[in-house]
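These are the residues of each chain, in order.
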Amino acid sequence: MNQLYQQLTPYLERSMALEAALILFDWDMATLAPEKGAEKTGTMIGILSDEYFKNTTDKTVVELVKKLKDAQDLNEVEAAVVRELWERIERLEGIPSEEYREYSELKAKARGVWEKAREADDYQLFAPVLEKIIGFEKKFAAYQKKDGQNIYDILLDRYEKGFGVKTLDVFFDRLKKELMPVVKQVIAHNDRVDNSFLKKSFDIETQKKVARFIAEYVGFDFEKGVLAESAHPFTTNLHNEDVRITTNYEKHNLEGALFSVIHEAGHGIYELGIRNDLTQTPVGTGASMGIHESQSRFYENMIGRSEAFWKPIYKQLVEAFPSQLTNVSLHQFVQAVNRVEPGLIRIKADELTYCFHIMVRYEMEKLIMEEDVDIAKLPEIWNDKYEEYLGIRPKDDASGILQDVHWSQGDFGYFPSYALGSAFAAQIWHTMEKEISINKELEAGNLKVIKAYLGNHIHQYGKLKPARQLLEEATGEEFNPQYYIDYLKNKYKQIYEL
Ligand code: ZN
């Protein structure tokens, strides 16, 4: 082993341990911790976070990584670890430490301000904080800026390397041109799909049993994973033998828990599939936000909302909820879980209109970062865009610009990954279909074949390769959004008989 890399190892191990502790605290706070404990536990978390930050930005670490980034004698994993660490250092390096601290404090407060503003439905409460956050984001990105780069590209790069404005403009333009007519047609024939039976009363305890069954059925391994409850579903992981997913149950919404479990199981299966020599290293996690979403959406939408998937197990769902589903055929059920309903809230959006929610945010972030738009005008611009793309206008800011937490945490550039994930998923499906007859396997209840394929081509590599390269190698071609567009067009043509 390279001598310098050997010196780096104890720092890496310490970082992983501190990170695991922080992840466990996070998990506990979101699932089981009593509300009153938050403040006192918070001080301990603060100390650990501080230790983590110090350890990762330690002068020795920075010096070692700088020397190692051009080393020729690293193996493939070591080289990927150094690349990953160097990217993190580059992002933080130019920032004066007082500014970094000031911004961290601002973000910690901003979350509360955002919550209050949303509850009070008052954008004016949030606007001054938002303006400061935008200021910091621009300033920090400028420290990192190289010739020819623009600010928004630097921010986008944090989440999806290599998918900057140039790629995204083309991507979203094509979605707009090809899918807006489909949305309009679907809305005109809204009466063709009924989903009212999904809003009947569904016993929560039974829902829990069904959720566990479904997670197991798609391939989430309960020997190395758990399923818990939290306000918002999420996935977290310590390593490839401890991955945790959550969901949220609502009595009058069967679809919510059912499909969020499949979604999170998709994330979970990814993390469980990462190679042993990568796990517990800085590259022992999903390749990028977008690739992660591609896996969860592949399971949730492309597989989970298909008739082939439900064919072998729909009987069990009806047995679990006989009074609600006995008179609902498999076909009616699948139609219902694919019903399109243009709404104002992103996290409740259906598969077809989802990308328009992202488009609104992408276009606004571009205006904010590149055109110095007036912060006071943002709610109106937001509302105009919803009216243009989805035909509905928010009546208040709570269901408009104040609905997402992301901007209060400085997460500009994050949203496009969600839409990219769906498009990656469609491209992966297209390639997989050449080797495997996916629907036939689903009808036979053979989910293992699908998990093995994704494991082979995507999961095992973790963050070993940059996302763009991983996608290209897995699918044999560059990113191509046409598969996603075709998939949506065909799907909704069939469902709505257009
Ligand atoms: Zn997700």
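Please refer to the structure higher up on the page.
Every value quoted in this text rests on a predicted model; they were computed, and no experiment measured them.

Q: It is not clear to me how the overall build of the protein chain should be interpreted in this structure. Could you clarify?
A: Along the protein chain, the regular secondary structure elements total 22 helices and 3 strands. By the compact-globule yardstick of 23 Å for 498 residues, the protein chain fits well, its C-alpha radius of gyration being 23 Å. Its C-alpha atoms put the protein chain at 65 × 50 × 50 Å along the principal axes. Per-residue burial over the protein chain gives 51% buried out of 498 residues. Total accessible area computed for the protein chain in this model is approximately 23,200 Å², and 50% of it derives from carbon and sulfur atoms.

Q: What's the story with the side chain of Gln324 in this structure? I'm lost.
A: Mapped onto the elements of the fold, Gln324 is located in helix α14 (residues 322–325). Side-chain polar atoms of Gln324 contact the backbone oxygen of Ser201, separated by 2.6 Å.

Q: In this structure, what is going on with the sheet that holds strand β1 (residues 225–229)? I would like to understand it.
A: Sheet strands pair by backbone hydrogen bonding; their relative direction is either parallel or antiparallel. Taken together, 3 strands build an open sheet; the order of strands is β1-β3-β2 and the sheet is mixed. Each having just a single partner strand, β1 and β2 (235–239) make up the two edges of the open sheet. For this sheet, the mean angle separating the axes of adjacent strands, direction not counted, is 20°. Of the strands in this sheet, β1, β2 and β3 (242–247) touch helix α10 (residues 254–272), which is tilted by about 165° from β3.

Q: Can you walk me through the layout of surface pockets in this structure?
A: Where empty space is left in the structure can be found by rolling a water-sized probe over the atoms. Volume-wise, the second largest pocket comes out at about 690 Å³. For the second largest pocket, the lining is made up of 23 residues, of which Ser306, Asn439, Tyr487, Lys491 and Gln494 are closest to its centre. Elements with a contribution of two residues or more to the lining of the second largest pocket: α11 (289–303), α12 (307–310), α15 (330–336), α18 (416–435), α19 (438–443) and α22 (482–495). Tallying contributions element by element places α22 first for the lining of the second largest pocket, with 7 residues. Its residues placed into classes, the lining of the second largest pocket shows 8 nonpolar, 9 polar and 6 charged.

Q: Would you explain the pairing of β3 in this entry?
A: Side-chain direction in a regular strand flips from residue to residue, so the side chains alternate between the two faces of the sheet. Most of β3 sits inside the fold, with 6 of its 6 residues counted as buried. Going residue by residue along β3, you find Asp242, Arg244 and Thr246 tucked away on one face and Val243, Ile245 and Thr247 tucked away on the opposite face as well. With 5 bridges connecting them, β1 and β3 associate as parallel partners. Considered in β3, the bridge of Leu227 is made with Ile245. In this structure, β2 lies alongside β3, joined through 4 bridges in antiparallel fashion. Across the sheet, residue Thr235 finds its bridge partner in β3, namely Ile245.

Q: How should helix α3 (residues 59–68) be read in this particular structure?
A: Three- or four-residue spacings in an α-helix give side chains the same orientation, since the helix completes a turn every 3.6 residues. What α3 keeps buried is the set Val61, Val62, Leu64, Val65 and Leu68. Down the axis, α3 shows its buried residues gathered within 165° of arc, on one side only. Residues of α3 that are exposed and angled more than 90 degrees away from the buried face: Lys59 and Lys67. Tucked into the core, α3 has its buried residues touching α1 (3–31), α2 (38–56) and α4 (76–93).

Q: For this particular structure, what's the right way to read α2?
A: Between its first and last C-alpha atoms α2 spans 26 Å; for 19 residues at 1.5 Å apiece the expected length is 27 Å, and the two agree. Taken as a whole, α2 has its buried residues at Thr41, Ile45, Tyr52 and Asn55. Contacts from the buried residues of α2 go to α1, α3 and α4.

Definitions and cut-offs
Residues numbered from 1 in each chain as written. Predicted model: local features only at pLDDT ≥ 70, side-chain atom pairs only at ≥ 80, totals over all residues. Heavy atoms only, no water. Helix = DSSP H or I, 4+ residues; strand = E, 2+ residues; numbered from the N terminus. Rg over C-alpha atoms; globule rule 2.2 N^0.38 Å. Buried < 20%, exposed > 50% of the residue type's maximum accessible area, 1.4 Å probe, protein only. Areas by Shrake-Rupley, 256 points an atom, 1.4 Å probe, with all protein chains shown as cover. Polar contact = N/O pair within 3.5 Å; in protein donor to acceptor, adjacent residues only side chain to side chain. Pairing = 2+ DSSP bridges. Axes fitted to C-alpha atoms, helices over the stretch in contact; angles between N-to-C directions. Contact = heavy atoms within 4.5 Å. 1 Å grid on protein atoms, 1.4 Å probe; cavity = no way out; pocket = protein on both sides within 12 Å on 5 of 7 lines; lining within 4 Å. Points joined across faces, edges and corners; volume = space filled by probe spheres on them. Nonpolar A, V, L, I, M, F, W, Y, C, P; charged D, E, K, R; others polar. Arc of directions from axis to C-beta. Expected span 1.5 Å × (residues − 1).

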